[in-house]
Amino acid sequence: MKRITYMSGFSRPHSRAQIDEIGVYSARRNATDGITGVLVTLGSVFFQIIEGEEAAIDDLYARMLHDDRHVDVLCLQTEDTSERLFPEWSMKVIDLDDMTGDVVGPLKQLLARLGDAQHILERYTQPAVSRIMAQGLNPLDVPLRKVDRVVLFTDMVGFSAISHRLPVEAVAELVGSYLEACSTGISEQGGEITKFLGDGVMAYFDVASADAAIQSCVDIERELERIRAEAPEGSVLQLLFSGYGLALGSVIEGTVGSSIKADYTIIGEPVNTAARVEALTRTLGAPILMTNDVCTSARGHWTFADAGVFDLGGEEPTSVRMLIGADAARRDMRATVMRRLALRASSAPSG
């Protein structure tokens, strides 16, 4: 047999009568499928344990993942078992909000903190890991695999100079705005953010999504342009410029790390290439650069120009192309940042 323990949030408010109705329906269906378990509710959070034959449990859990009443699903434990914990309950509903007593108070506090911890951990956890855990799997047990990916690197222009010359609060505001723009642009196009690199972002897309990867760069660039244009005179946000590098190829994807710290990430030559292509944006004055493989995989109506052939550390020199057009205006980005930084310093009050 199999047992799954999970927690999730209500996608919309539920009354006590609605919760009871869920319990009655679940008990009736579970009895037919040979499933037993318990459902604990507290505020807007579900805690549920289900147990039964593996096929039945997997089917029920899969249905739950697609149930629009559940959000923020987190599988806490999946285990094989030979003995049921709840042999008499096809589905027992316990609403802690309606209960009192010496034990109930601390239990409520414990479960509420567990719910808060879930939301905190989701902010620090890569989406791919959350999806694996939602399926009832342990990310540490998922084997590494070799797949083709489009890798994206972005990096803020002039960050070293900015961080040395500006107060911490100004740097934090700048980085926060930058990472928000990057995160939104990448996630809305279906990309997977794997790392924040201080003043940069590493992400990847499915190999068939070269157009989405390029579009994410365009979207981020547009958003940064909007932020700069709307920022008041002298604002740190007027220093917000970025470069983008894209590469395509075979990578190893999965959990990589040590016994102390692990990341679900990608490693391989395309990762290094994307980072080195992004670095070329400073010398070439083009914000969006990519390898020729990314261009040939794209199907959209993009306009590219040859940027040159460069030794980027691979087995052979790499042909690099630039996206041209109104969304990728060429400029000396670093010179622009340094000039604005100098003007900002000269206009600051003395003493």
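As the structure is a computational prediction, the values presented were derived from the model and not from experiment.

A. A look at the overall build of the protein. From N to C terminus, the protein includes ten helices and 13 strands. Taken across its 351 residues, the protein has 46% of its residues classed as buried. Once local pairs closer than 6 in sequence are excluded, the contacts in the protein between residues at least 24 apart make up 72%. About 18,200 Å² of surface is accessible on the protein, with carbon and sulfur atoms providing 53% of the total.

B. Structural view of the sheet that holds strand β3 (residues 45-52). Here we have five strands laid out as an open sheet, ordered β4-β1-β3-β2-β5, and mixed in their pairing. The outermost strands of the open sheet, each flanked by one partner alone, are β4 (70-80) and β5 (92-95). This sheet shows a mean twist of 15° between the axes of neighbouring strands, independent of strand direction. Relative to β5, strand β2 (residues 36-42) is paired through four bridges, and the arrangement is parallel. Paired with T41 across the two strands is D95, which belongs to β5. Strands in contact with helix α1 (residues 16-33) are β1 (2-10), β2, β3 and β5; relative to β5, the strand with the most contacts, it is inclined by about 160°. The sheet strands contacting helix α2 (residues 54-65) are β1, β3 and β4, and the helix crosses β1 at an angle near 10°.

C. Summary view of α1. For α1, with 18 residues, the first-to-last C-alpha span of 26 Å sits near the 26 Å given by 1.5 Å per residue. Three or more residues of α1 are buried, namely I19, I22, G23, S26, A27 and N30. Viewed end-on, α1 has its buried residues packed into an arc of 130°, placing them on one side of the element. Residues of α1 that are exposed and point more than 90 degrees away from the buried face comprise A17, E21, R28, A31 and T32. Tucked inside the fold, the buried residues of α1 contact β1, β2, β3, α2 and β5. Downstream of α1 by one or two residues, G34 has phi in the positive range, about 75°.

D. A look at α2. The end-to-end C-alpha distance of α2 is 16 Å, a good match for the 16 Å that twelve residues give at a rise of 1.5 Å each. All of the buried residues along α2 are A56, I57, L60, Y61 and M64. The buried residues of α2 occupy an angular sector of 125° when projected down its axis, which confines them to one face.

E. The arrangement of the confidence of the model for the protein in detail. For the protein, the average pLDDT comes to 84, and 86% of its residues sit at 70 or higher. Mean pLDDT values for the elements of the protein range from 61 in helix α3 (residues 104-124) up to 96 in strand β11 (residues 288-291).

F. Geometry of the packing of aromatic side chains. One pass over the full model with this rule turns up two aromatic pairs. Ring geometry for Y6 and Y61: centres 5.6 Å apart, planes at 70°, overall edge-to-face. With Y6 in strand β1 and Y61 in helix α2, this residue pair connects regions lying 55 residues apart in the sequence. The pair Y6 / Y61 is uniform in exposure class, with both members buried.

G. Examining a nonpolar patch on the surface more closely. Judged by side-chain polarity, L144, I252, V256 and I267 come together as a nonpolar surface patch covering roughly 290 Å² of accessible area. Inspection of the secondary structure assignment puts I252 in strand β9 (residues 242-257). Relative accessible area serves as the criterion here: at 32%, I252 is assigned to the partly exposed category.

H. Representation of the packing of helix α6 (residues 168-188) against helix α7 (residues 210-230) in the model. Relative to each other, α6 and α7 sit at 145°, their axes nearing to 8 Å. Crossing handedness for the pair α6 and α7: right-handed. Taken together, the residues of α7 that come into contact with α6 (itself represented by Y178, A181, C182, G185 and I186) are S216, I220, E223 and L224. Residues of the contact of α6 with α7, tallied by class, amount to six nonpolar, two polar and one charged.

Quick notes on the rules
- Residues numbered from 1 in each chain as written.
- Predicted model: local features only at pLDDT ≥ 70, side-chain atom pairs only at ≥ 80, totals over all residues.
- Heavy atoms only, no water.
- Helix = DSSP H or I, 4+ residues; strand = E, 2+ residues; numbered from the N terminus.
- Buried < 20%, exposed > 50% of the residue type's maximum accessible area, 1.4 Å probe, protein only.
- Contact = heavy atoms within 4.5 Å.
- Areas by Shrake-Rupley, 256 points an atom, 1.4 Å probe, with all protein chains shown as cover.
- Pairing = 2+ DSSP bridges.
- Axes fitted to C-alpha atoms, helices over the stretch in contact; angles between N-to-C directions.
- Expected span 1.5 Å × (residues − 1).
- Arc of directions from axis to C-beta.
- pLDDT = per-residue confidence, 0-100.
- Phe/Tyr/Trp six-rings, centres within 6.5 Å; stacked < 30°, edge-to-face > 60°.
- Patch = residues over 30% accessible without salt bridge, like charges linked within 9 Å, V, L, I, M, F, W, Y side chains within 5 Å.
- Salt bridge = Lys/Arg side-chain N within 4 Å of Asp/Glu carboxyl O.
- Left-handed = near helix turned anticlockwise from the far one by under 90°.
- Nonpolar A, V, L, I, M, F, W, Y, C, P; charged D, E, K, R; others polar.

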